[in-house]
Amino acid sequence: MRNWDSLDEGGVCAAERDCGDAHRVSRSLGVPFHQVSYVKEFWHDVFSRLLQEYQQGRTPNPDIICNKLIKFEHFHKYALNTLGADAVATGHYARTNQEDEDVFRQMHIPRPQTLFRDRFEIRNPVRLFQGADRLKDQTFFLSQIPQDALRRTIFPLAGLTKDFVKKIAAEAGFQHVLKKKESMGICFIGERKFEDFILQYLEPKPGNFVSIEDGKVMGEHKGWFTFTLGQRARIGGQKDPWFVVDKDINTSEIFIAPTTNHPALLRDTLRTDRFHWIAEEPPAELIKTKMMECHFRFIHQMPLTPCTVTLNQDGSVWVVASQPLRALTPGQFAVLYKGDECLGSGKITRLGPSEHTLQQGRKRLGGAPPDTETRSP
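Our subject in this report is the structure included herewith. (Residues numbered from 1 in each chain as written. Predicted model: local features only at pLDDT ≥ 70, side-chain atom pairs only at ≥ 80, totals over all residues. Heavy atoms only, no water.)

## Considering the packing of aromatic side chains
Going by this rule: For this analysis, a ring pair means two rings from Phe, Tyr or Trp (six-membered ring only for Trp) whose centres lie within 6.5 Å, classed as stacked if their planes differ by under 30 degrees, edge-to-face if by over 60, and tilted for the remaining angles. The helix and strand labels rest on DSSP assignments: H or I over at least four residues marks a helix, E over at least two residues marks a strand, and numbering proceeds from the N terminus. Buried means the residue's accessible area, taken with a 1.4 Å probe over protein chains only, is under 20% of the maximum for its type, while exposed means over 50%, and partly exposed covers the values in between.
Counted under the stated rule, the structure contains 14 aromatic pairs. Relative to Phe197, the ring of Phe47 has its centre 6.0 Å away and its plane inclined at 65°; by these criteria the two rings are edge-to-face. One end of the pair, Phe47, is in helix H2 (residues 39-55); the other, Phe197, is in helix H8 (residues 194-198), with 150 residues separating them in the sequence. For Phe197, a relative accessible area of 3% puts it in the buried group. Three or more aromatic residues joined by ring pairs form one cluster here, namely Trp4, Phe42, Trp43, Phe47, Phe197 and Tyr201.

The following block contains the structure:
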């Protein structure tokens, strides 16, 4: 699947190289090889949205969107409808509650596009669970895929660790694949110097770095979209490190603080857009009581954090973490977990007040002790 055409720093097209590697493996295994291009779809469905998100001051996650709209939409339908595949096998470290045999027994009949889900459907939803290799678990990136695609997908690496998979590859003689570096950077685009890359597509919007503590101008930047919350702001003439804590796209100001865990970077409350539940509906306890205890993360591989989830009438959710977290970021996805199960995700659209804002408020109120105040969305 080719989604992006560009040369790396050595002048080599990464897509061509990846295609060659996949072709060699297919030839060795004696299986047919097909290539399909989604460069146009990736540009319109993923990359253009990514640019819009940055312009609006948010920090998007293109990997999650790419899985939802390209791999498990365009490509998945191509595999089933054009190639006539029974299912798609993917190398993600994840698992579901259905056996492979169950996947292959299903007749592929597209579901009717009705306004309301048929309550009399006898099909139980397929559920997504973390893989055996928790360090490589990729359910975070699969948290937006649709139920119908998940139903026709198998995860051969579900019960394996990365080290064990590498041993299998070595025994099969796939040395050229073993030597490849870990896949990093923007989905299908790879590792780049982000500021230089993004400024190829967005006009510079220079502005000031402003201290969150005293409002002093500390330096200049080329555009708020080149920085994300929590990132170190490298400012000419400043020896001590400063960190981005907020952005104002109307004034082009980026607010910074002098320590990596400054109270302005710590928050415990966020709101998402309409939440995508992998099982298509919220858990029964959340529907019944409108609140639920579970865990969440908004960065891949960050420790799961206990939280309380509140369901809103419009399908969005409030998430209140058990403790303030560093650099909660609009545009990222809040991914919920209940035990081993990945419940789904929602894009972060709003943040609650920072610890710095709350401290300032307490000072204005006369220094009321924090344990006497209640905080709610």
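## Describing helix H3 (residues 62-82)
Counted only if it meets this: To estimate the expected span of a helix, count its residues, drop one, and scale the result by 1.5 Å. Bend at a residue means the angle formed by two fitted axes: the first through the 7 residues ending at that position, the second through the 7 residues beginning there. Here, two residues are considered to be in contact whenever any of their heavy atoms come within 4.5 Å of each other.
When the terminal C-alpha atoms of H3 are compared, their 26 Å separation across 21 residues is substantially less than the 30 Å that a helix rising 1.5 Å per residue should span. The largest bend along H3 reaches roughly 30° and is located at His76. Within the span of H3, buried status applies to Pro62, Ile64, Ile65, Cys66, Asn67, Leu69, Ile70, Phe72, His76, Tyr78, Ala79 and Leu80. Buried residues in H3 make contact with H2, strand E1 (88-89), helix H5 (147-151), strand E4 (153-154) and strand E15 (333-338).

## Considerations on the packing of H2 against H3
Put simply, the rule reads: Geometry is summarised by axes, namely lines fitted to C-alpha atoms with helices restricted to the contacting stretch, and by angles between N-to-C directions that run from 0 to 180 degrees. Should an angle fall under 35 degrees it is called roughly parallel, over 145 degrees roughly antiparallel, and 65 to 115 degrees roughly perpendicular, with every other angle called oblique. Crossing chirality is assigned from the near helix's rotation relative to the far helix, an anticlockwise turn below a right angle marking it left-handed and a clockwise turn marking it right-handed. When residue character is reported, Ala, Val, Leu, Ile, Met, Phe, Trp, Tyr, Cys and Pro are called nonpolar, Asp, Glu, Lys and Arg charged, and the others, Gly included, polar.
At their nearest, the axes of H2 and H3 sit 10 Å apart, and the two run at 160° to each other. Classified by the angle between their axes, H2 and H3 sit roughly antiparallel to one another. Judged by the sense of rotation from one axis to the other, the crossing of H2 with H3 is right-handed. Of the residues in H3, those touching H2 at Glu41, Phe42, Asp45, Val46, Arg49 and Leu50 are Pro62, Ile65, Cys66, Leu69, Ile70 and His74. Here the contact of H2 with H3 is built from residues that sort into 8 nonpolar, 1 polar and 3 charged.

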